[in-house]
Amino acid sequence: MKENMLTVGVPRALLYYDYFPLWHAFFTHLGVKTVVSSPTTKATLDSGVLAAVDETCLPVKVFYGHFLELVDTCDLIFLPRLVSVEPRTYICPKFMGLPDLLRSLGYRNLLDPVIDLRDPRRYLHNLWAAAMTTAQSVGVGSAVQVGRALWAGIKAQRTYRSQLCQGLMPSELLSKPKVAPAKADGARTIGLIGHPYTLFDEVINLNLLTFLRAHGYRILTPVHYRVQLLTQYARSLPKELFWSYGRRMVGAALLWSKYHLVDGIIHLETFGCGTDSITGELIERLIRRSGQLPYLLVTIDEHSGEAGIRTRLEAFCDMIEFNAIKGAVEG
Amino acid sequence: MSQKVTYPHMGTLNIVLNSVLHELGLEVIEPPPTSKRTLALGAANSPEFACLPFKITLGNFLEALELGAETIIMAGGCGPCRFGYYAQVQREILTDLGCNFQMLVLEAPQNGWLQFLHRIRELLGSFPVRRFRRGWLLGLAKAKAIDLVEMEMEKTRPIANPTIVDQIYQAFLTQLAAIDLLAEVETLASEYSRHLRELRQGRRSPLRIGVVGEIYTVLEPSANLDLLKKLGNLGVEVIRDLRLSHWIAEHLTLNAKKKAALRSELERWAKPYLQYFVGGHGLESVAHALRYCQSGLVSGVIQIAPLTCMPEIVAHSVLPNVSRDFGKPILTIYVDEQTAEAGLQTRLEAFVDLLPPVDISLAGS
């Protein structure tokens, strides 16, 4: 490795959980070193809470924390303006303004290409433009090299997605696994809906995954399905949802309830999440109408305590066990 | 076709909509004026973290349905702000409550006017295009008239007797609502504007505050607890660009090209602080605040938004820098169903007490 290699910091928050393999491969092929912030801790959270506006949501506050950890040690911080990652949808307004939010803290070393794949006719054009802008910012101007890097990124992303579709967790793929994979056979399954950045951050989710796995549950989330499949199920709504993650969450919930793939659904929502307030309500109503599936809505913010959540989860698990016994007796 | 139609309140939008709907020969059930009960009904049946406009408009629908309304007319959109999906979720909530109704969602006619008319006809029955056009033009003229008179009112209120100003404004609204001739609208508006102008005798308040934020909370007095009136009564002249005709243009009349031009204009203004459209009125908030501060037109800015409003949170995050760079105080106020009148009044008084007067020679008249 070269001595004075350019380093690009990637905060371990928000869409890191979806796109890190792509970003990592892309930068590596451009001869740039990526540095990921360390897993979220209470300290990350605290520094984020201090820096961000009170009214914003927990994942954005956590993002501030990760950003602050990296900003002084890396040459550039990779902070794409993620307007849209698939045709005809957005992600969330806060993602569209994220670089401005962090720039307002006074930092200038941001690498913030606009990623807007909303218009299907300009999909490739905009993707290429984003790749070129990013590459130029790290001093690479050759289209051939950028093309190769982008292709490598897309390949890495495909591999990552297909591994997720086999049921692996992002945390197992992105860093060294801490939790042993659960024994899948015969176990009851819980469908977990939420944004990847709340579901897979162990501080934000208050060890929810660990808890459920320790109790022998198999966990399914929207990231374990192909996006096209979930989009197809979400189409049954009278009007197509215009948020990518909302769409995937509704799609997963409809898929699970239609084919009885899970024994219960937990929706992990963060306080003040604008998109979830709408999609969560829809999901809850659709699930309730369709019948017997237990449904739990857990709302968290920086003041949530693990004990409180644990009590609710235990009660929810008891209900699932009870349902199973009842089903066995009646069936 | 004798459909009983209703719609949500947003400030004085009812006057505009009544004109259009009456012209189409429809029976209109206007929701009762938004009250504590409306808000309580709406909040009880809404998702907890939905924003305030969602809750109030749902309350409007519930009260209108109680009065026998059959068809709900609601606006839509295509994101990223939640407003675009309001109607869909409200329909599900009302259905689960066992209400009997139809919903007509007016979304920007992206496929052209013919498609738009076709969809209206599907639900409201057929009517001649000529009449729709007539009603529409009348409604638009009324919106412009309201904006004109409100602008004069906001200049007059801080220096004249507020009770008299209120009386004039109410008289204007009552007369405007009754008019059904296009030509009379303009006469009425200019008459009342003159009336208000005379009241102020060429004087102008030295205290001016720019109001930016989410448009529903700016326009709807029940959502902002009469913020604009409160400021006027404190002797402050309100400067704002968010008005009723602004909303109508943005949602219903502007074509894609004009919209893009408007957006790039806003982006140019907001660029040093916010470089991208963020949905809702986030970009407007930053661009307008910046313009007010830079021009020396105001002594301070107030941003008002519903709690959890995503675009306004983005704007709120960068506004402190605008405030710092121009030396003008900016106050952000979030409202929800818990907001209390006394608390708001206290905050406004404290904010106004600290304001330096505008340099009048600089700002012009």
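Model, not experiment: these values are computed from the prediction.

### Description of the overall build of chain B
Scanning chain B from N- to C-terminus turns up 17 helices and 8 strands. The globule rule puts the C-alpha radius of gyration for 365 residues at 21 Å, and the 20 Å found for chain B is close to it. Referenced to the eigenvectors of the C-alpha coordinate spread, the extents of chain B come out at roughly 60 × 45 × 40 Å. Looking at chain B residue by residue over its 365 residues, the buried ones come to 47%. Taking all contacts inside chain B whose residues are at least 6 apart in sequence as the whole, residues at least 24 apart take part in 76%.

### Some remarks on the sheet that holds strand β7 (residues 300–306) of chain B
Residue and element names in this part refer to chain B. Ordered in space as β6-β5-β7-β8, the 4 strands form an open sheet in which the pairing is parallel. Each having just a single partner strand, β6 (237–239) and β8 (330–335) make up the two edges of the open sheet. Neighbour-to-neighbour, the strand axes of this sheet turn through a mean angle of 30°, independent of strand direction. Taken together, the 6 bridges between β7 and β8 define a ladder with parallel strand orientation. When the sheet's bridge partners are listed, Pro306 is paired in β8 with Val335.

### A short note on the pairing of strand β9 (residues 264–270) of chain A
All names here are of chain A. Within β9, 7 of the 7 residues are buried, leaving the element largely enclosed by the surrounding structure. Of the two faces of β9, the one carrying Gly264, Ile266, Leu268 and Thr270 and the one carrying Ile265, His267 and Glu269 are both buried. Bridge count between strand β7 (residues 189–193) and β9: 4 bridges; the pairing is parallel. Following the sheet pairing, Gly191 is matched in β9 by Ile265. Across 6 bridges, β9 lies against strand β10 (residues 295–300) in parallel orientation. Each bridged residue has a counterpart across the sheet, and for Ile266 the counterpart in β10 is Leu296. Where the polypeptide runs from β9 across helix α12 (residues 274–290) and back to β10, its parallel neighbour, the crossover connection is right-handed.

### Here we look at the sheet that holds strand β2 (residues 27–28) of chain B
Strands in a sheet are paired, the pairing made by backbone hydrogen bonds, and the direction either parallel or antiparallel. All names here are of chain B. The strand order β2-β1-β3-β4 describes an open sheet built from 4 strands, whose pairing is parallel. One side of each edge strand has no neighbouring strand; the edge strands of this open sheet are β2 and β4 (102–106). When strand β1 (residues 4–6) meets strand β3 (residues 71–75), the two strands line up parallel, connected through 2 bridges. Bridge pairing in β3 links Thr6 to Ile72.

### Details of the domain arrangement of chain B
Residue and element names in this part refer to chain B. We note that the domain assignment places domain 1 (4–125), domain 2 (141–156 + 160–203) and domain 3 (204–365) within chain B. Relative placement of domain 1 and domain 3: their C-alpha centres are 26 Å apart. Listed by partner, the interface residues are 20 residues for domain 1 and 21 residues for domain 3. Going through the elements one at a time, α2 (36–45) and α3 (52–66) are the ones with two or more residues in the side of domain 1 that touches domain 3. If one sorts the elements of the side of domain 1 that touches domain 3 by residue count, α3 sits on top with 4 residues. Considering only residue class, the side of domain 1 that touches domain 3 consists of 14 nonpolar, 5 polar and 1 charged.

### With respect to unusual backbone geometry
Phi is mostly negative for residues that are not glycine, and the peptide bonds are mostly trans. Here Arg88 of chain A, not a glycine, exhibits a phi torsion of approximately 60°, which is positive. Tracing the sequence through the fold places Arg88 of chain A in the loop between β4 (81–84) and α4 (93–103).

### Observations concerning the pairing of strand β2 (residues 33–36) of chain A
Strand direction decides the pairing type here: strand β1 (residues 7–10) of chain A and β2 of chain A, joined by 4 bridges, are parallel. Directly across from Val10 of chain A, in β2 of chain A, lies its bridge partner Val36 of chain A.

### Here we look at the interface of chain A and chain B
Each partner contributes residues to the interface: chain A has 27 residues there, and chain B has 34 residues. Of all elements in the fold, only α4 and α12 of chain A reach the threshold of two or more residues within the side of chain A that touches chain B. Examining the composition of the side of chain A that touches chain B, we find that 7 residues originate from one element, α12 of chain A, more than from any other. When its residues are assigned to classes, the side of chain A that touches chain B shows 13 nonpolar, 7 polar and 7 charged.

### Concerning the nonpolar core
Grouped together as the largest cluster of nonpolar side chains are 195 residues, with contacts concentrated most on Ala253 of chain A together with Ile209, Leu274, Val286, Ala289 and Val301 of chain B. Among all residues touching Val286 of chain B, those that are not within four sequence positions of it are Ala270, Tyr273, Leu274, Ala315, Val318 and Leu319 of chain B.

### Here we look at the domain arrangement of chain A
The extent of an interface is frequently quoted as the accessible surface area lost upon association of the parts. Residues and elements named next belong to chain A. Entries for chain A in the domain assignment read domain 1 (7–165) and domain 2 (172–330). Between the C-alpha centres of domain 1 and domain 2 the distance comes to 26 Å. Listed by partner, the interface residues are 25 residues for domain 1 and 28 residues for domain 2. Of all the elements in the fold, those that place two or more residues in the side of domain 1 that touches domain 2 are α1 (16–29), α2 (42–51), α3 (58–71) and α6 (143–165). Each residue belonging to the side of domain 1 that touches domain 2 can be placed in one class, and the counts come to 17 nonpolar, 4 polar and 4 charged.

### Digging into α6 of chain A
Residue and element names in this part refer to chain A. Here α6 spans 32 Å end to end across 23 residues, near enough to the 33 Å set by a 1.5 Å rise per residue. Residues of α6 that are buried: Val146, Ala149, Leu150, Gly153, Tyr160 and Leu164. Each element contacted by the buried residues of α6 is listed here: α1, α5 (123–137) and α7 (170–174). Of the residues flanking the end of α6, it is Gly167, one or two places downstream, whose phi is positive at about 105°.

### Considering helix α10 (residues 227–234) of chain A
All names here are of chain A. All of the buried residues in α10 are Leu230, Tyr233 and Ala234. Down the axis of α10, the buried set is contained in an arc of 100°. They therefore lie on one face. For α10, the secondary structure elements touched by its buried residues are α11 (244–259).

The rules behind these values
Residues numbered from 1 in each chain as written. Chains lettered and ligands numbered in written order. Predicted model: local features only at pLDDT ≥ 70, side-chain atom pairs only at ≥ 80, totals over all residues. Helix = DSSP H or I, 4+ residues; strand = E, 2+ residues; numbered from the N terminus. Rg over C-alpha atoms; globule rule 2.2 N^0.38 Å. Buried ≥ 20, exposed ≤ 12 C-beta atoms within 10 Å, placed from the backbone. Contact = placed C-beta atoms within 7 Å. Pairing = 2+ DSSP bridges. Axes fitted to C-alpha atoms, helices over the stretch in contact; angles between N-to-C directions. Right-handed = clockwise from strand over helix to strand, strands pointing away. Domains from an automatic or database assignment. Nonpolar A, V, L, I, M, F, W, Y, C, P; charged D, E, K, R; others polar. Core = buried A, V, L, I, M, F, W, Y, C linked by C-beta atoms within 7 Å. Expected span 1.5 Å × (residues − 1). Arc of directions from axis to C-beta.

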